[in-house]
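Descriptive analysis of the structure
Chain by chain, the residues:
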Amino acid sequence: MPDTIGIEANPYHKLADVGCETSRSTMIVDLSAIEANYRKCQALAPHSACGAVVKADAYGLGAARVAPFLAYLGCAHFFVTDVAEGIALRDVLPSSAKIYMLHGAMPGTELAAEQHNLLPILNSREQLEAWLRHCRLRNRALPAGIHVDTGLSRLGFPIDELHTIAENKGGLSELPVVLFMSQLACAEWRNEISLQQLNRFRRLSHLFPNASLSLSNSAGLFAGCEFHFDLIRSGGGIFGFSTADDPDFKPAQVVRLRTQIIQCRKLEHGEAIGYLRSYTVKKRMRVATAAIGYADGFPRTLGNRGHVFICGSRAPIVGFVSMDLITIDVTNLPESWTLPGTVVDLICPEQTVGDLASAAKMLSDELTTGIGQRCRRLYVSS
Ligand SMILES: *Cc1c(COP(=O)(O)O)cnc(C)c1O
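Along every chain, residues carry numbers that run from 1 in the direction the sequence is written. Side-chain atom pairs in this predicted model are given and counted only at pLDDT of 80 or more, local residue features only at pLDDT of at least 70, and totals for whole chains, interfaces and linings cover all residues. The basis for every side-chain value is the complete set of heavy atoms in the structure, and neither hydrogens nor water enter the calculation.

The protein goes by Alanine racemase in an unreviewed UniProt entry, where it is assigned to Bradyrhizobium brasilense. UniProt positions are given in the numbering used here, feature names are shortened, and annotations may be inferred rather than shown by experiment. The UniProt entry for the protein carries the following comment under Cofactor (unreviewed entry): "pyridoxal 5'-phosphate". You can read under Function (unreviewed entry) in the UniProt record for the protein the words "Catalyzes the interconversion of L-alanine and D-alanine. May also act on other amino acids."

**Thoughts on the packing of aromatic side chains**
Two aromatic rings, drawn from Phe, Tyr or Trp (for Trp, its six-membered ring), form a pair once their centres lie within 6.5 Å of each other, and the interplanar angle then sorts them: stacked below 30 degrees, edge-to-face above 60, tilted otherwise. Inspection of every chain in the model, using the stated rule, returns seven aromatic pairs. Linked through ring pairs, Phe 180, Phe 201, Phe 208 and Phe 229 together constitute an aromatic cluster. Note on geometry: a ring has a charge over it if NZ (lysine) or CZ (arginine) is within 6 Å of the ring centre and within 35 degrees of the ring normal. When the ring centre of Tyr 279 is taken as origin, the NZ or CZ atom of Lys 282, which lies over that ring, is 5.3 Å away.

**Some thoughts on helix H8 (residues 159-167)**
We call a residue buried when its accessible area falls under 20% of the maximum for its residue type, exposed when it is over 50%, and partly exposed in between, using a 1.4 Å probe and counting protein chains only. The helix count covers DSSP runs of H or I at least four residues long, the strand count covers runs of E at least two residues long, and both are numbered beginning at the N terminus. For H8, every residue scored as buried is listed here: Leu 162, Ile 165 and Ala 166. Burial along H8 is one-sided: seen end-on, the buried residues are contained in an arc of 100°. Residues Asp 160 and Glu 167 are exposed on H8 and point more than 90 degrees away from its buried face. Summarising the contacts, the buried residues of H8 are in contact with helix H7 (125-138), strand S7 (144-149), strand S8 (157-158) and strand S9 (177-181). In this description, one arc is meant: the one made by directions from the helix axis to the C-beta atoms. When checking whether two residues touch, look at their non-hydrogen atoms; a contact exists if any pair is within 4.5 Å.

**Observations regarding the environment of Ala 63**
Here Ala 63 lies in helix H4 (residues 63-72). Through-space distance from the C-alpha of Ala 63 to that of Ser 205 is 31 Å; in sequence the pair is 142 residues apart. Those residues in contact with Ala 63, other than ones at most four positions away along the chain, are Val 54, Asp 57, Ala 58, Pro 68 and Leu 89.

**Quick notes on the confidence of the model for the protein**
The predictor attaches a confidence to each residue, called pLDDT, with possible values from 0 through 100. Across the protein, pLDDT averages 92, with 92% of residues at or above 70. Every residue in residues 1-20 scores below 50 in pLDDT, and together they form 45 contacts with partners more than four places removed in sequence or on other chains.

**Focus: the UniProt feature "domain: Alanine racemase C-terminal" (unreviewed entry) in the protein**
If you check UniProt for "domain: Alanine racemase C-terminal" (unreviewed entry), the listed places come out as residues 254-380 in our numbering. In residues 254-380, the share of helix is 11% and the share of strand is 35%. The end C-alpha atoms are 10 Å apart.

**A few points about the packing of helix H2 (residues 31-44) against H4**
Interaxial angles span 0 to 180 degrees and are taken between N-to-C directions of axes, which are lines fitted to C-alpha atoms, for helices over the stretch in contact. Contact pair H2 / H4: the axes reach a minimum separation of 11 Å and the direction vectors enclose 45°. Viewed along their axes, H2 and H4 adopt a mutual orientation that is oblique. You can see that H2 and H4 cross each other, and the crossing is right-handed. Note on element contacts: H4 touches H2 through Arg 65, Val 66, Phe 69 and Leu 70, opposite Leu 31, Ile 34, Glu 35 and Tyr 38. Split into classes, the residues belonging to the contact of H2 with H4 amount to six nonpolar, no polar and two charged. Oblique is the label for any angle not under 35 degrees, not over 145, and not in the 65 to 115 range, which are roughly parallel, roughly antiparallel and roughly perpendicular in turn. Here a crossing is called left-handed whenever its near helix is offset anticlockwise from the far helix by less than a right angle, and right-handed whenever the offset is clockwise. Ten residue types, Ala, Val, Leu, Ile, Met, Phe, Trp, Tyr, Cys and Pro, are classed as nonpolar, four, Asp, Glu, Lys and Arg, as charged, and the remainder, Gly among them, as polar.

**Let's talk about the UniProt feature "active site" (unreviewed entry) in the protein**
Here, UniProt's "active site" (unreviewed entry) annotation points to Lys 55 and Tyr 275. Across 221 residues of sequence, these annotated residues are also dispersed in space, with a maximum C-alpha separation of 35.7 Å. Note that Lys 55 resides in helix H3 (residues 55-59). For Lys 55, a relative accessible area of 28% corresponds to the partly exposed category. Residues contacting Lys 55, with those up to four places away along its chain left out, are Phe 79, Val 80, Thr 81, Glu 85 and Leu 102.

**As for the site of the ligand**
Looking at the ligand, there are 13 residues lining it, with Lys 55, Tyr 59, Ser 218, Gly 235 and Gly 236 nearest. The separation between a nitrogen atom of the ligand and a polar side-chain atom of Arg 233 is 3.0 Å. Listed by contribution, the elements that provide at least two residues to the shell around the ligand are H3 and strand S11 (231-234). Broken down by class, the residue content of the shell around the ligand amounts to four nonpolar, six polar and three charged. A cutoff of 4 Å decides nearness: a residue is near a molecule or strand if any of its heavy atoms lies inside that distance of it. Polar contacts, as used here, are pairs of N or O atoms within 3.5 Å; protein pairs need one atom able to donate a hydrogen and one able to accept it. Residues neighboring in sequence count only if both atoms are side-chain atoms.

Written out as structure tokens, the structure reads:
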């Protein structure tokens, strides 16, 4: 076990104080691996700044702990979704760190954004007008970003609307635009679509001569240096999720997930395991019951399909995943390996977050953002 360097604030930690921690599961976040990945992302785009996307509590890893660590590594640009995430992040980051809100400023949140020094990335005419109104009210030219939609059809100004606003001046000249960005639809592939988005973005960038330009997420790092511009927005790349089939980029594994065996039982031919008796026992077997379930975000699709590791040995999940428990076939493991309290590894060197996610037909970040707060976070430095 590597050195423990801290535990994220979590109400369930009170249980640890009374010696009950063994019945819970733990997500272990390796800060050294985050550092290695962050440096790799930087090295892949040496002429750009590497910003960190820490929305959704840093993809479930815990933004309060991960973001200050990235700031300590030199990261100066952070992306969240909205004011609530931004305010929480502002509390833990140096005042010099730039915090951008990808959803822009929703009506009524402009003052809070200003007071916490958050930068809205304006996505629409409504958001732009509301922000300019707020600026006039406060008699200050408050900086913001602009997002243009070049082909994802999700967030951002449609291209013609951006032209109209720029031509009519529409107040845009009053606004210090510090970031001009777009998002690639198929960053994993350097295809026609990506090149079309690149060309559209490049052609529009002259509208914002003073802005930093940003087009690429983690996968865009591999699309070629012409996609990099001034600022990369990396989430998955930093957190160790494979983002491209690039053989040169093997991310260091950041996340581990483990739980514990609560009890073990022997079953005879003809018995069945779990709700709806979905697994029928065909021969004498031993089954361990462990303390994680779908309430912790462990995917229900892994019932009768997924695997766990106990002391480095692979063991199948049998029966359905229930709310707080899974059942594991440990017939082939020595009894001394399956005593109550034994660690069960769900994400580990033998089964990466990507492996577990694809077994569950999920994305890695879909899996980690779903891991609940009952699962404590432990930060280590290997
Ligand atoms: C989530 C997000 C990112 C980060 O994407 P990764 O693939 O995790 O690097 C970048 N840009 C935008 C607009 C996003 O929403």
